[in-house]
Amino acid sequence: MSTTTASTVHREVRTALRLEATCDFSAVRAATLAVRAWLAERGLTAGELAAWELALVEAANNAVKYAGAAGQELPVVIEVSRGEREVEVRVTDHTAGFDWPAEVNLPELDAESGRGLFLIKSLTDQVAYLRHATGNVLVLRRAGPVSAPDEVPDVCQLQKQLAEAETALTDMTAELASSYESLVALFRYSSELGAQTDLADFSRRLLNDLIQIAEADCAVLRLVSHDGSCLETPLVLPGEGQFPLASVALAAGVASVEVNAARNRQDIWFNPEEPLAGSDPLRAVLPGGNGICHPFFVADQLVGTATLGRILADKPFTAAQVNLLHTFIDFLAIQIVNARLLDERTAARVIRRELQIAADIQRSLLPARIPACLPFEVSAACRSALQVGGDFYDLIPAGDGTLLLVIADVMGKGVPAALFAAVLRSTIRSMPQLFDQPGELLAAANRTLYPDLSLVDMFVTAKLAYLDPRGQKIVTASAGHCPLLVCQPGLPAAVATGQSGLPLGIEPLTRYAQVETALPPNTLAMLYTDGLTEARNATGEMLGEPALLQLLEQAAAQTSNAMGAKQYLLARLVNYSGQAPLNDDQTLILIRHRA
Amino acid sequence: MNIQSTDPQTAVVTGLMELVAANATQVRDEIRAALPASTIRLDLDLSSVTFLDSSGLGMLISLHKTLQSRNGMVRLLKPAPNVRQILELTRLHRVFEIAPE
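Residues numbered from 1 in each chain as written. Chains lettered and ligands numbered in written order. Predicted model: local features only at pLDDT ≥ 70, side-chain atom pairs only at ≥ 80, totals over all residues.

**Q** It is not clear to me how the overall build of chain B should be interpreted in this structure. Could you clarify?
**A** When helices and strands are counted, chain B shows 3 helices and 5 strands. Counted from the first residue to the last, chain B has its helices and strands arranged as β-β-α-β-α-β-α-β. When each of the 101 residues of chain B is scored for burial, the buried share is 41%. At a minimum sequence separation of 6, the contacts of chain B that also span at least 24 residues come to 74%. (Helix = DSSP H or I, 4+ residues; strand = E, 2+ residues; numbered from the N terminus. Buried ≥ 20, exposed ≤ 12 C-beta atoms within 10 Å, placed from the backbone. Contact = placed C-beta atoms within 7 Å.)

Pasting the structure below:
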């Protein structure tokens, strides 16, 4: 017995035919043939046509046979109406009418007449006889295909049908039970989604359930590595650890159904007729028997493969069990991807938080006000890159109207860099006796910070500048930092002569020389970090030292004080890099000798 | 309609088309009239009978009675499926001997 097919929906469309036949046998016979032809055009089967022809002939014959004298003058009317699901025929007679009997039986076997009503009733689904003074109407209806008279009930056939029906019912019951089990399992997993954090445990339980419900003996789960180059093996069930499977490369020509299924994006079956290749790593788990490998994807990206296997070779997986494999594994795939996304999002959030903390530390280090150092004017600014770069500057009153300027760049990013900047600031401030000896101060700071810096493989470039208003000079010492730029009135901007020692944290006992540079009235000088000279414009070109010198000259000419010069330079820097975000902090300190 | 005796006791009727209300009585009478008195086996070749209604059935029964009164029988030869159907529907397939050939 074939499985039931879904019924389709039909619109109710009726077409109709009306015939009038003279009240005699030949004429009504011709009319019934016309009706038969009309119904044949409308797609009735041979069985249905035969049934209608006979029923109609019997009805029409009665109309003729029992018509009285007056009735014989009137035509027998036949109306046929064809709907999508049924046919209706109305025969109007002009007889005296009769009472349609409650039960219609066959007469005696040797009766020569009296079978008409029986035939009409047997060949139709519904009969109604409506009696009127002007004429009686026999309404006949048949729905759907005929259980044709040629289908004599055959006991053997019925028994066969019954057996087939029972088998189908048993199969369906088994499938239903299995579906129910899997639904329950899936609901259980779904309910854990919110609480579930251990993906490995989740996968293990899901695969164990799948093995049980699908009546498999083992399962192998492979996941694509992060770089997409190979399949790793997180799970072989049952008996984890019993079958250690090495990772297998996702390359062409590898004799592995798992690799091939993943590359071809299709399930691969294996059984004694089509066994695993001799070098297939899966053989370690399933030397014989049969199984199916299912590659699974999320948003078109390969996530991994899942293989179900059975030791018995003669029991292949049913379609229903394969469906189970797909359903369970595709569900697991989504959980795996979700867990990864969650991890990534969490990691990103942690990084963002760290950067936020670092930025806060950096901001807290910068001086709130600029101490006075007349006749020198000082103005400073720090433009932070999105990825905190570790720049900082400090302005420390050094007694007697002098000022110690600190500018530094901690190599590294994030919280560690910000912490070292803080430590450097404290270290320098803790040695006021060396404020007027920037070289010695740097050496001392280096000795203090070296152990910690070298432990984390970081270093710091720094420049200390002691501003002496009475001597109208600036004394600088540099640990691998950018040079002092000076623009004396009437002269082009130039790099001040000086020496630079190694950055802090490279060697513990570095010595730093200090250099004096005169700053006559109207001189504009600048300390900066390499975020300025390494700034890139839209086409990727770096600003460079010559261009910076030029900007300093222009600032000296076009502005009159330190703040003005700073703002001028900042504006030019913003203009240079345009919309592009900074890749490093930019720090600058302007010193102007106001005449 | 054609009737032939294959031997003194057997007659075969061929050439029957429809057996319906319009012609059933007439055909019956024709056959009866042409039936030799010695015939006790009447074979009706139904191979070209396209349609049979209850009047046709009645006619067959009538012939059957005629032959029965002679201790004879009627055989129906090669009935078309739809003819077979109506015979079975009305249980008359056990009354006549049916030879499908």
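Still to come is the rest of the account.
**Q** Got a minute to help me understand the overall build of chain A in this structure?
**A** Along the backbone of chain A there are 13 helices and 22 strands. When the 595 residues of chain A are sorted by exposure, 35% land in the buried category. Restricting to contacts in chain A with at least 6 residues of sequence separation, those with at least 24 account for 67%.

**Q** Explain the sheet that holds strand β5 (residues 97-99) of chain B to me, please; I cannot follow it from the model alone.
**A** The strands that make up a sheet are held in pairs by hydrogen bonds between backbone atoms, and each pair lies either parallel or antiparallel. Residues and elements named next belong to chain B. The strand order across the open sheet formed by 5 strands is β1-β2-β3-β4-β5, and the pairing between neighbours is mixed. Since the sheet does not close on itself, it has two edges, and those belong to β1 (2-7) and β5, each with one partner. Ignoring which end each strand starts from, the neighbouring axes of this sheet average 25° apart. Note: strand β4 (residues 73-77) against β5, 3 bridges, orientation parallel. For Leu 76, the partnering residue across the bridge sits in β5 and is Ile 98. Against the sheet, helix α2 (residues 54-68) engages β3 (41-45) and β4, with an angle of about 140° to β4. (Pairing = 2+ DSSP bridges. Axes fitted to C-alpha atoms, helices over the stretch in contact; angles between N-to-C directions.)

**Q** Just checking my understanding: could you explain the interface of chain B and chain A for this structure?
**A** You'll often see interface size given as the accessible area lost when the parts meet. Residue-level contacts link 21 residues of chain B with 20 residues of chain A. Class assignment for the residues of the side of chain B that touches chain A results in 10 nonpolar, 7 polar and 4 charged. (Nonpolar A, V, L, I, M, F, W, Y, C, P; charged D, E, K, R; others polar.)

**Q** I'm lost on the nonpolar core in this one. Help?
**A** Most often, soluble globular proteins keep nonpolar side chains buried together rather than apart. Residues Leu 405, Ala 462, Leu 552, Ile 589 and Ile 591 of chain A are the most contacted members of the largest nonpolar core, which totals 70 residues. Counting residues per element, this core draws most heavily on strand β14 (residues 403-410) of chain A, which supplies 7 residues. Discounting chain neighbours no more than four positions away, the residues touching Ile 589 of chain A are Val 378, Ala 380, Tyr 393, Leu 405, Ile 407, Met 526 and Leu 527 of chain A. Judged by nonpolar contacts, the second largest core, of 57 residues, contains Ala 51 of chain A together with Val 49, Val 74 and Val 83 of chain B. (Core = buried A, V, L, I, M, F, W, Y, C linked by C-beta atoms within 7 Å.)

**Q** Where do I start with the environment of Asp 110 of chain A in this structure?
**A** Mapped onto the fold, Asp 110 of chain A is located in the loop between β3 (86-93) and α4 (116-123). If we ignore the near neighbours within four places in the chain, the residues touching Asp 110 of chain A are Ile 61 and Lys 65 of chain B.

**Q** Help me understand the pairing of strand β21 (residues 524-528) of chain A, please; the structure alone is not making it clear to me.
**A** In regular strands, side chains alternate between the two faces of the sheet. All names here are of chain A. Burial of β21 is extensive: 5 of the 5 residues sit out of reach of the surface. Here β21 shows no split at all, with Leu 524, Met 526 and Tyr 528 on one side and Ala 525 and Leu 527 on the other all buried. In terms of strand pairing, strand β17 (residues 485-487) meets β21 through 3 bridges, oriented antiparallel. Residue pairing in the sheet places Cys 487 in a bridge with Leu 524 of β21. As defined by bridge partners, β21 adjoins strand β22 (residues 586-593) across 5 bridges and the pair is classed as antiparallel. What sits directly across from Tyr 528, in β22, is Leu 588.

**Q** Just to check I follow, could you spell out α2 of chain B for this structure?
**A** At 3.6 residues per turn, the α-helix brings residues three or four places apart onto the same side. Taking 1.5 Å of rise per residue, 15 residues should cover 21 Å, and α2 of chain B covers 21 Å from first to last C-alpha, within 8% of that figure. Three or more residues of α2 of chain B are buried, namely Ser 54, Ser 55, Gly 56, Leu 57, Gly 58, Met 59, Leu 60, Ile 61, Leu 63 and His 64 of chain B. Looking at the packing, one finds that the buried side of α2 of chain B touches α2 (46-65) and α4 of chain A together with α1 (24-34), β3, β4 and α3 (81-89) of chain B. (Expected span 1.5 Å × (residues − 1).)

**Q** So what exactly am I meant to see when it comes to the pairing of strand β11 (residues 301-310) of chain A here?
**A** Residues and elements named next belong to chain A. Summarising burial for β11: 8 of the 10 residues are buried, a large majority. As paired strands, strand β10 (residues 290-298) and β11 are joined by 9 bridges and run antiparallel to one another. Pairing of Asn 290 across the sheet is with Arg 310, part of β11. What sits between the antiparallel neighbours β10 and β11 is a turn of 2 residues, in which Ala 299 has the positive phi angle 50°.

**Q** How should the sheet that holds strand β8 (residues 248-249) of chain A be read in this particular structure?
**A** The sheet built from 6 strands is open, its strands ordered β8-β7-β6-β11-β10-β9 (chain A) with antiparallel pairing. On the outer flanks of this sheet lie β8 and β9 (268-270) of chain A, each paired with one strand and no other.

**Q** Is there a simple way to think about the packing of helix α8 (residues 319-365) of chain A against helix α9 (residues 414-429) of chain A in this case?
**A** Between two packed helices, both the angle of their axes relative to each other and the distance between the axes serve to describe the pair. All names here are of chain A. Orientation of α8 relative to α9, taken along the N-to-C sense of each, is 20°, at an axis distance of 8 Å. On the basis of the axis angle, α8 is roughly parallel to α9. Every pair of crossing elements has a handedness; the one defined by α8 and α9 is left-handed. Of α9, the residues touching α8 (which contributes Glu 354, Leu 355, Ile 357, Ala 358, Ile 361, Gln 362 and Leu 365) are Gly 414, Val 415, Ala 417, Ala 418, Leu 419, Ala 421, Ala 422 and Arg 425. Grouping the constituent residues of the contact of α8 with α9 by class yields 11 nonpolar, 2 polar and 2 charged. (Parallel < 35°, antiparallel > 145°, perpendicular 65-115°, else oblique. Left-handed = near helix turned anticlockwise from the far one by under 90°.)

**Q** How should α1 of chain B be read in this particular structure?
**A** Residue and element names in this part refer to chain B. Of all the positions in α1, only Ala 24, Arg 28 and Ile 31 are classed as buried. The buried residues of α1 occupy an angular sector of 65° when the element is viewed end-on, so they sit on one face. Within α1, the exposed residues directed more than 90 degrees away from the buried face are Gln 26, Asp 29 and Ala 33. Buried residues belonging to α1 abut β1, β2 (10-14) and α2. (Arc of directions from axis to C-beta.)

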